[in-house]
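# Structural characterization, general
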Amino acid sequence: MALLTHLLACIFGTGSWVAINGLWVELPLLVTVLPEQWDLPSYITIIIQMANVGPLFITLMHRFRPGLLNEVAIIYMVVSVGVVACLLLAFFWNYTSPIAGRPHSTAFLLLTFFLALVDCTSSVTFLPFMMQLQPQYLNTFFIGEGLSGLIPALIALGQGSGISSCANVTHVVNITTGNKTVESTVFQLETHYLPANFSTFFFFLLMTVMMLACLLAFFFLARQPKVWELSQQQLFPSSIMLSSFDQIPSEEAGSRLSKGCPCPKDAKGPGDILPEKVSCPLAKLTFIYLLIAWVSALTNGVLPSVQSYSCLPYGNTAYHLAATLSSMANPLACIVAMVLPSRSLALLGTLTMAGTGFGAYNMAIAVMSPCPLLQQSQWGDATIVLSWVLFTGTLSYVKVMAGVILRSHSHSALVWYGAVEQLGSLLGALLMFPLVNIYSFFKSADYCSLQCPL
């Protein structure tokens, strides 16, 4: 019975962000079909920020009308909306309609909003529910959350989405000079997209199956015995991926905190649930919050908006690998943080600078689009893919460890963690959307017909 409950908790966790993660890894194929083309990532970024009205509503209701919302009913509704939205996306993802005289993928963008609403709201509903179950199932839930990014990336790798080749196409044109019309043959390189191993329709059906599995897992988990005496300390949604650090022995924790915030001498043992509160100086807290705001702005707003511009000049294969492997880097960085945690603020600052450097390279390549450095070299392809993976991995580690430090400080510190994270993400998205979609600061072009100086 315990093994079955662990399996249900893992499946339930995969439904937290699987839909939006699926959209990101499918983008290399979507940008070749939908009318937004290279601008599509910036639309998705701003839509995800708009969807934060969901968790904001839940939080305000808990604050001003506590007990009014039925948590189980909310989760049923949220996951059901995700199932329906994924299913509709499979059939209508390429439906377009004119807006202001230009075609737009209205169905895709509208359904993306509902999927983002589901995933954002899951952050304030799934974890509080899991805290009502036996504590040993919580880590399994966290593993499921990591798989919500890993599984879609593996599916996209198997799909081979967006892989293309250049073909020499012959066109016959009529050239009129005076009274004579002469036929002329023109040779031109054009991008031909290789057929994926399976279609976008089938990909979104797989996402629907995963959301449906999440719904069924929750149906059975809701009938498990509850542990009502668990502290409200652990009910905050932003503590995802953090509880595994509560069991650090006192000697080990003391050495890891020596360069960060001081650790209490009587840290809890492995059998305890609640972490000991740690006091951090105001200057260090301010530094941590600045790191969170900066990292969130880069990872959730600024760089995702221009990923297509930084990768597509090297071809769809480079974009495909960058999107999928960087999606894998996020959960893998969380696993590294669980195995090798470090609360040293100096190390976190150094990693932030390194991640910012990788992000600066990605942004510089996007600015130089469609003719970036090393464009016709395999080194250029490898460098941009590696840069995106390291950018995501290093900054994901920083976010997890910053949350660990703040969770040891107080509950209110985690509240501010969530607020600062959303503020940074919003500012990053609001900064990039007009640059990409209104002022056309970034340029796109067909990979095979580029005319770049050698």
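Before reading on, note that the structure itself is shown above.
Positions within a chain are numbered from 1, following the residues in the order the chain's sequence is written. Two thresholds apply to this predicted model, a pLDDT of at least 70 for residue-level local features and 80 or more for giving and counting side-chain atom pairs, whereas whole-chain, interface and lining totals are computed over all residues. Excluded from the side-chain calculations are hydrogens and water; all other atoms, namely the structure's heavy atoms, are used.

To continue, consider empty space enclosed by the protein. Definitions used for this entry: grid spacing 1 Å over protein atoms alone; cavity, a set of points where a 1.4 Å probe fits but cannot get out; pocket, an open set with protein on both sides within 12 Å along at least 5 of 7 lines; lining residue, one with an atom within 4 Å of a point. Grid points are joined across faces, edges and corners, and a volume is the space filled by probe spheres set on the points. For the structure on display, the rule yields two cavities of 30 Å³ or more. What the second largest cavity holds in volume is close to 40 Å³. In terms of lining residues, the second largest cavity is bounded by Ile 58, His 62, Leu 69, Glu 71, Ile 74, Val 124 and Thr 125. A run of DSSP states H or I qualifies as a helix once it reaches four residues; a run of E qualifies as a strand once it reaches two. Both are numbered from the N-terminal end. Elements with a minimum of two residues in the lining of the second largest cavity: helix 4 (53-64) and helix 5 (71-92). Polarity classes work like this: nonpolar for Ala, Val, Leu, Ile, Met, Phe, Trp, Tyr, Cys and Pro, charged for Asp, Glu, Lys and Arg, and polar for all others, with Gly in that last group. Among the residues making up the lining of the second largest cavity, the classes are represented as four nonpolar, two polar and one charged.

Residues spaced three or four apart along an α-helix point in a common direction, a consequence of the helix completing one turn every 3.6 residues. Helix span, expected: 1.5 Å multiplied by one less than the number of residues in the helix. In a regular helix each residue adds 1.5 Å, so 24 residues correspond to 34 Å; helix 14 (residues 345-368) covers 34 Å between its end C-alpha atoms and thus fits that length. Burial status follows relative accessibility: with a 1.4 Å probe on protein chains alone, a residue under 20% of its type maximum counts as buried, one over 50% as exposed, and anything between as partly exposed. Among the residues of helix 14, those classed as buried are Leu 345, Leu 348, Gly 349, Thr 352, Gly 355, Gly 359, Asn 362, Met 363, Ile 365 and Ala 366.

Turning our eyes to something else, we now look at the nonpolar core. Only buried residues count toward a nonpolar core. Its members are Ala, Val, Leu, Ile, Met, Phe, Trp, Tyr and Cys residues joined through side-chain atoms within 4.5 Å. Within the largest apolar cluster, 91 residues are counted, with the highest numbers of intra-cluster contacts made by Phe 12, Leu 40, Phe 108, Phe 129 and Met 130. Excluding residues that lie within four positions of it along the chain, Met 130 makes contacts with Ala 9, Phe 12, Tyr 137, Leu 138, Phe 141 and Leu 221. Counting 20 residues, the second largest nonpolar core, distinct from the first, contains Cys 280, Tyr 289, Ala 402 and Val 420. Throughout, a residue-residue contact means that at least one pair of heavy atoms, one from each residue, lies within 4.5 Å.

Each patch is built from salt-bridge-free residues with over 30% relative accessible area, joining like charges within 9 Å and nonpolar side chains (Val, Leu, Ile, Met, Phe, Trp, Tyr) within 5 Å. Per-residue and other accessible areas follow the Shrake-Rupley method at a 1.4 Å probe size, with only the shown protein chains counted as cover for residues. What counts as a salt bridge is simple: a side-chain nitrogen of Lys or Arg found within 4 Å of a carboxyl oxygen of Asp or Glu. A grouping of Val 84, Leu 87, Leu 88, Phe 91, Phe 92, Tyr 95, Phe 201 and Phe 202 is seen on the molecular surface, where their side chains present a nonpolar patch of about 750 Å² in accessible area. Elements that contribute at least two residues to the nonpolar patch include exactly helix 5 and helix 9 (200-221). A per-element tally of the nonpolar patch places helix 5 first, with five residues. Looking at the element boundaries, Phe 92 is found in helix 5.

Moving on, we come to the packing of aromatic side chains. Each aromatic ring pair is described using two quantities: the centre-to-centre distance and the angle formed by the ring planes. Side-chain rings of Phe, Tyr and Trp, where Trp is taken by its six-membered ring, are said to pair if the distance between their centres is within 6.5 Å; with planes under 30 degrees apart they count as stacked, over 60 as edge-to-face, and otherwise as tilted. This model, assessed by the stated rule, comprises 16 aromatic pairs. For the ring pair Phe 12 and Phe 126, a centre distance of 4.4 Å and an interplane angle of 25° mean the geometry is stacked. Highlighted residues: Phe 12 in helix 1 (residues 2-14) and Phe 126 in helix 7 (residues 126-130), separated in sequence by 114 residues. The pair Phe 12 / Phe 126 is uniform in exposure class, with both members buried.

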